[in-house]
Amino acid sequence: MKQLSKQETRKHVSCYQYPRKNNIKSKVACAPSFSLTPFLPVYLTGTKYSCGSGGCGACTVMVSRYNPKTKEIRHSPVTACLVPICSLHGAAVTTVEGVGSISTRIHPVQERLAKCHGTQCGFCSPGMVMSIYTLLRNHPEPTLEQITKAIGGNLCRCTGYRPIVESGKTFCEETTVCELKGSGKCCMDQEERSFINRQEKICTKLYNEDEFQPLDPSQEPIFPPELIRMAEDPNKRRLTFQGERTTWIAPVTLNDLLELKASFPEAPLIMGNTAVGPSIKFKGEFHPVFISPLGLPELYFVDYTDDGVTIGAGYSLAQLSDALHLTVLEQPKEKTKTYRALLKHLRTLAGAQIRNMATLGGHVVSRPNFSDLNPILAAGNATINLISKEGERQIPLNSLFLERSPEASLKSEEIVLSVYIPHSTQWHFVSGLRLAQRQENAFAIVNAGMSVKFEDGTDTIKDLQMFYGSVGPTVVSASQTCKRLLGRPWDDHMLSDACRWVLDEIYIPPAAEDGMVEYRRTLIVSLLFKFYLRVRRGLNKMDPQKFPDIPENSMSALEDFPIKTPQGIQMFQCVDPYQSPQDPVGHPVMHQSAIKHATGEAVFSDDMPPFAQELFLAVTTSTRAHAKIISIDASEALALPGVVDVITAEDIPGANNHQGEILYAQNEVICVGQIVCTVAADTYAHAREAAEKVKITYEDIEPRIITIEQALEHNSFLSTEKKVEQGNVEQAFKYVDQILEGEAHVEGQEHFYMETQTILAIPKQEDKEMVLYLGTQFPSHVQEFVAAALNVPRNRIACHIKRVGGGFGGKVTKPALLGAITAVAANKLTTVITCIGFMNNGVIKAADVEYYINGGCTPDESESYLSYKVDEFCYIVLKSDNAYHIPNFRCRGRPCKTNLPSNTAFRGYGFPEAAVVAEAYVTAVASRCDLSPEEVKEINMYKRISKTTYKQTFDPEPLRKCWKECLEKSSFSARKLAAEEFNKKNYWKKRGLAVIPMKFTVGFPVGYYSQAAALVHIYLDGSVLVTHGGCEMGQGLHTKIIQVASRELNIPQSYIHLSETSTVTVPNASFTAASMGTDINGKAVQNACQILMARLQPIIRKNPKGRWEDWITKAFTESISLSATGYFKGYQTHMDWEKEKGEPFAYYVYGAACSEVEVDCLTGAHKLLRTDIFVDAAFSINPAVDVGQIEGAFIQGMGLYTTEELKYSPEGVLYSRSPEDYKIPTVTEIPEEFYVTLVRSRNPIAIYSSKGLGETAMFLGSSVLFAIFDAVTAAREERGLTKIFNLKSPATPEFIRMTCVDQFTDMIPRDDPSTFTPWSVRVS
Ligand SMILES: Cc1cc2nc3c(=O)[nH]c(=O)nc-3n(C[C@H](O)[C@H](O)[C@H](O)COP(=O)(O)OP(=O)(O)OC[C@H]3O[C@@H](n4cnc5c(N)ncnc54)[C@H](O)[C@@H]3O)c2cc1C
Ligand code: FES
Ligand code: FES
């Protein structure tokens, strides 16, 4: 990497990063359409920037506007990244700093989020605070439903949402304690339970609500009176903001607007900016003029008439929802069918922020093909009221309008004034139908609006309308089908013809964009069937004699899953009552930065104040998967304003290729997204613009390897095969009753940490020193790579890490490449081939398992995933037995080398992929033997002190305990029976349960990786500064370390400070990973503290009643050193691959989880009803942190196994790069009932007999996957289909729907795969 003219250089290694640097004036002059985020003053660091597209909620702020007509103030949550700065004229903006701060007053929302343990890394926390705060400004005593709704647009990758919801619930009037028994008392309250001894006493309170300050709405800041005066000013004038290339004009009257529209017919009207904004940002759209009529009162009204409702085009979708709610309450049911259909979709459309920004006019006019509202509006015969200088006119919101037919659309000088939605009538039915990857805040995979009118008193079709979204480039109408069905009775024959004809009329080509072609075809008819049933039921309700009801078992097809507010209980061991009250160990201590997270005062690398002459770096990446670089032409880029330099491999003074990792592509590119060069400029906008102008010419090189199959075909691997084996597999296969062969596919996972990677590099004037501020899990690795690239000794490179906004394995190796491989690459993709020999009684005698992973183009951690190159340990291979003893067992694995971005590890480091395969074959064996999966698991589970395949001895007693408790406390058997009963009665919905045991491996097979060091200073005022080698990324490491130091030094936690992690204070630290952060750094800190206490002992002995401060002063006067380094040598782990034996892991964490789901066989949706988790925590140093890690990891695992899907083009381009295309769980996906128990055991090897729990529960998320399999199996059995099918993860709606084969999946057209190139390919 080149040092840039000795200036401080901020390296933006993520495409998403946006600087907050310049002052407001200069930016306005630059581009009036710019969003609010970069204008927030540099000292206001609370508003975070992550996705930049409105999809994550990290940048949520509250915008308040005064309506001079109604005299009301409306507070709305909005995403600052999409709000144009100029649109805020006259509005009050409240950021998290305005809500409360440590230096002024912490607001109850901030306090409760922190104290309820609703923050981990803290990057999402300000956004969460703003969403809940805005809700409270509008509704000081919200309902439970409003809380869940308020945070539906905020993503959190760490917590699993449960504690965030809980903090919000504390403001609700409804009970917040365990609501399960309706007694107002928690059923787990400790006095109600009998305990055998003190040690087993169970606590359920992770925080004390008595500490909370009350919410006093009268204390909130008032709306600025000057803004009211401005809004009421009768002499308001048109506002114009002139920028470098663009002009922003805000008219003040309707006539003024019409004049402007006539003068600038091509200028967009900026309302919510949720359609225009993303097009400018991500598609490079340019508009010289913007017209912003946001403040025009004429666009904001609702007019209720006898035959319908007219709603002003300026109404936000949230206001539309309010207006429709009112109509639904006031009008008879038969008149409100269209409104109710709209309301249902308005509940799940995007998140609260987008619903508050997006307007009805903007939605109707932008006509997205995925629109959730337009199909219903069209089916409900809505009309659009237009106005221009020429006058007013109405156009129908019909198929021609939606298909963008010019003669049925707006003229360029026209604007939408309002939309009229007529009432429905008695013999008229309207429905909205939709299916998305997750329930809320996800574009529909397919949606529809349908309506049918009958001849009065009959079921003869008089009018039929069917509109589908997401099946083509626009919303499309099945008008031909509808026409052919006129006059037909609403019966099964009609349905059958309708399905055939609609499939003919709406054809999704096999290579269609967005893929899922067969699934989407199936949804077209499945949704039609849903509508058919709903109408039949409606007819029956109107005249039961004339119209028979639908069959009982079809009732389950009618309704979608409701959204409920999640609830749960967390159980953990109480602290020994004899423990010193000052000793914090074992208490649920709040995260040490929690309050700062909630107030936005916690500083991340991107929040650092700008340095003078700071430069910004943007990357130019390869667009080819495997090609020769013929030329790089940077002349156009260099000529652009603000551009300082273009940097390529030639500029690297040291090694461009360090340990097989390439910084800049040289001569050849080996994946799409590989960095070819970077552009340095004065602003990020300039750097990015210039980076796009660099012209690279390529010549493709064969072969281009994208999938595992292609890698196998070309014998392309990153390392040699690794194997462990016990018994005699071949021999055993000869004597088993049955042999099962199969394949399992586990797709990759994006880390999706909310803080994208940012590195600030500051070259020093002297001695080639370089200081870096960044978020990483492995500072020494960054130091090593930077030193190698600059060709300087490591002692010149200082890396500082204050905190990391989520890592999950994705910030172990990647930051070291200075973003060379950016946000796209971060996953593991696995294919497994298995052969299992078993007896008819379920005993598995032999297993032969082969793993292949898609490791991408460079080794990164792929080798270590399967086998680490240094000591050749082999994670997946070593982890593959999970909780089962199979006497003849062979496991082999190899990472495939492909032309995809180099993959890195994810939380769990191979375990979630390896162990899920064991669960898959155990489940398959159960199915073959006609036994329940639980029986087969029980039969094959480790039962007594045993040896693993690699001969490590362990005692599985805690495993048995977790398993037993999980089965008992979850009432598994009773609920299984209840689910079977449910399934008998419901053809279209099925319930499934699964219980999963776990033996999780902690540590590395290389002993010296678990060494750790610490540095503890005691200052003369008695305060203590602790430093260690671990990185805080939300996992509560620093919090636990302070607890350790507090116990060891016997001083309150408030005396102890932990500032940052730095290579300057602790050299050569290992990565913070493998769940060992507290284990190893805790031991090092303990050691340092014990050294210091030993030095102080003589003084304490002489003055035992003295104060800590006195002892310290005395020690100083006696020339006793008050600083000590502590050291932990590491666990004595090792693995001998020649002999296939060793003790590769420090210890095991055991656990079990039970999940119950309900699936909708007709659409593929699923709902997680309940999860019970039991994890062997041994002795928990901090139960709040440990429960938080378990819940967060579980939800992350659930995402891996259900909703998160990486999509690659056949050419190796990753499509799923933003929250728009990649769906991590939101608050609506978490279990409706969520119980977590920390099970007590012993673990003398670790500090205070604790266990590292950071990663464990990822794998337990697979209980949801297998519960889905159970439900799908029930559906298949009922349909007479085979039980066994290969494991496929994630079990997406597509998978569920297409596996629940029925008449609709049978009727869709299928394509011959050899005749087309699909839009996406499975790479694993
Ligand atoms: C993160 C995110 C998630 C989303 N999720 C969903 C979803 O799940 N389902 C869904 O259906 N949609 C979704 N959307 C799309 C959203 O509904 C639309 O972008 C939105 O409704 C557009 O309204 P707007 O006011 O923001 O339009 P703007 O972006 O302000 O304007 C859009 C266009 O409409 C024109 N226009 C605006 N008002 C008028 C008027 N009165 N007269 C004439 N022309 C006008 C403008 O000239 C412009 O061309 C999502 C969007 C985002 C950003
Ligand atoms: S950064 Fe604005 S929503 Fe993600
Ligand atoms: S705490 Fe929510 S993203 Fe980390």
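Definitions and cut-offs
- Residues numbered from 1 in each chain as written.
- Chains lettered and ligands numbered in written order.
- Predicted model: local features only at pLDDT ≥ 70, side-chain atom pairs only at ≥ 80, totals over all residues.
- Heavy atoms only, no water.
- Helix = DSSP H or I, 4+ residues; strand = E, 2+ residues; numbered from the N terminus.
- Core = buried A, V, L, I, M, F, W, Y, C linked by side-chain atoms within 4.5 Å.
- Buried < 20%, exposed > 50% of the residue type's maximum accessible area, 1.4 Å probe, protein only.
- Contact = heavy atoms within 4.5 Å.
- Axes fitted to C-alpha atoms, helices over the stretch in contact; angles between N-to-C directions.
- Parallel < 35°, antiparallel > 145°, perpendicular 65-115°, else oblique.
- Arc of directions from axis to C-beta.
- Nonpolar A, V, L, I, M, F, W, Y, C, P; charged D, E, K, R; others polar.
- Near = heavy atom within 4 Å.
- Polar contact = N/O pair within 3.5 Å; in protein donor to acceptor, adjacent residues only side chain to side chain.
- Areas by Shrake-Rupley, 256 points an atom, 1.4 Å probe, with all protein chains shown as cover.
- Disulfide = S-S within 2.5 Å.
- Pairing = 2+ DSSP bridges.
- UniProt positions renumbered as here; feature names shortened; annotations may be inferred.

Caption draft 1: A look at unusual backbone geometry. With an omega of -5°, the peptide bond between E702 and P703 qualifies as cis. Take P703: it is sitting in the loop between strand 26 (695-700) and helix 22 (708-713). Between S1289 and the following residue, P1290, the backbone shows a cis peptide bond with an omega angle of 5°. Here P1290 is to be found in the loop between strand 48 (1288-1289) and helix 37 (1293-1299).

Caption draft 2: Seen up close, the nonpolar core. In terms of nonpolar packing, the biggest core is built from 259 residues, with Y468, W490, Y921, W1108 and F1194 touching the most fellow members. Aside from chain neighbours lying at most four places away, what touches W1108 is I1018, G1022, V1024, L1049, I1051, Y1055, M1093 and L1096. By size, the runner-up hydrophobic cluster in this structure holds 74 residues, among which are C86, A91, L373 and V419.

Caption draft 3: Looking closely at the packing of helix 34 (residues 1183-1201) against helix 36 (residues 1262-1278). Relative orientation of the contacting elements helix 34 and helix 36 amounts to 45°, with a least axis distance of 7 Å. By the angle between their axes, helix 34 is oblique relative to helix 36. Contacts between helix 34 and helix 36 involve F1194, M1198 and Y1201 from the first element and S1262, S1263, V1264 and L1265 from the second.

Caption draft 4: Representation of helix 33 (residues 1108-1117) in the model. Those residues of helix 33 that fall on the buried side of the exposure criterion are W1108, E1109, W1111, I1112 and A1115. The buried residues of helix 33 occupy an angular sector of 160° when the element is viewed end-on, so they sit on one face. Contacts made by the buried residues of helix 33 are with strand 38 (1012-1018), strand 39 (1024-1028), helix 31 (1037-1049) and helix 32 (1077-1102). Among the residues trailing helix 33, S1119 stands out with phi positive, at a value near 55°.

Caption draft 5: Examining the packing of helix 32 against helix 33 more closely. Look at helix 32 against helix 33: their axes get within 10 Å of each other, and the N-to-C directions meet at 100°. Taken together, the axes of helix 32 and helix 33 are roughly perpendicular relative to one another. Along its contact with helix 32, which presents M1093, L1096, I1099 and I1100, the element helix 33 presents W1108, W1111, I1112, K1114 and A1115. Classifying every residue of the contact of helix 32 with helix 33 by side-chain character gives 8 nonpolar, no polar and 1 charged.

Caption draft 6: Seen up close, the site of ligand 1. Not every one of the 32 residues close to ligand 1 is listed here, only the nearest: M271, T274, T359, D372 and V416. Measuring from an oxygen atom of ligand 1, one finds a backbone N or O atom of M271 at 2.8 Å. Burial of ligand 1 by the protein amounts to 92% of the accessible area it has alone, namely 980 Å². Sorting the residues of the shell around ligand 1 by element identifies helix 13 (360-366) and strand 13 (415-422) as the ones contributing at least two each. Looking at the shell around ligand 1 element by element, the count peaks at 5 residues for helix 13.

Caption draft 7: Examining the state of the cysteines more closely. Counted according to the given criterion, the structure contains 1 disulfide. Each disulfide pairs two cysteine sulfurs, and for C203 the partner residue is C574, the sulfurs being separated by 2.1 Å. Disulfide C203-C574: torsion about the S-S bond near 120°, hence right-handed. With C203 in strand 5 (residues 202-203) and C574 in the loop between strand 18 (567-573) and helix 19 (594-599), the pair connects residues that are 371 residues apart, well separated along the chain. Here C574 falls in the buried class, since its relative accessible area comes to 10%. The thiol sulfur of C116 is not disulfide-bonded, and the nearest other cysteine sulfur, from C172, lies at 12 Å. C116 gets classed as buried once you look at its relative accessible area, which sits at 2%. C1089 takes part in no disulfide bond, and the closest cysteine sulfur to it belongs to C1031, at a distance of 19 Å.

Caption draft 8: A look at the sheet that holds strand 17 (residues 476-477). Spatially, 14-15-16-17 is the arrangement adopted by the 4 strands of the open sheet, whose pairing is antiparallel. The sheet terminates laterally at strand 14 (428-436) and strand 17, the two strands that pair on one side only. Looking at chain direction, strand 16 (residues 461-469) and strand 17 are connected through 2 bridges and run antiparallel. Bridge pairing in strand 17 links Y468 to V476. In the packing of helix 11 (residues 337-348) onto the sheet, the strands contacted are strand 14 and strand 15 (444-454), and the crossing angle to strand 14 comes to about 10°.

Caption draft 9: Highlighting the UniProt feature "binding site: FAD" (unreviewed entry) in the protein chain. As annotated by UniProt and renumbered to match this structure, "binding site: FAD" (unreviewed entry) occupies L269, I270, M271, G272, N273, T274, A275, V276, D372 and R434. What stands out for the annotated residues spanning 166 residues is how far apart their C-alpha atoms range, the widest pair being 28.9 Å apart. You can see T274 is positioned in the loop between helix 8 (254-263) and helix 9 (276-283). Owing to a relative accessible area of 25%, T274 belongs among the partly exposed residues under this scheme. Apart from residues lying up to four places away in sequence, T274 is in contact with L82, I354, M357 and A358. Its place among the elements puts D372 in the loop between helix 13 and helix 14 (374-379).

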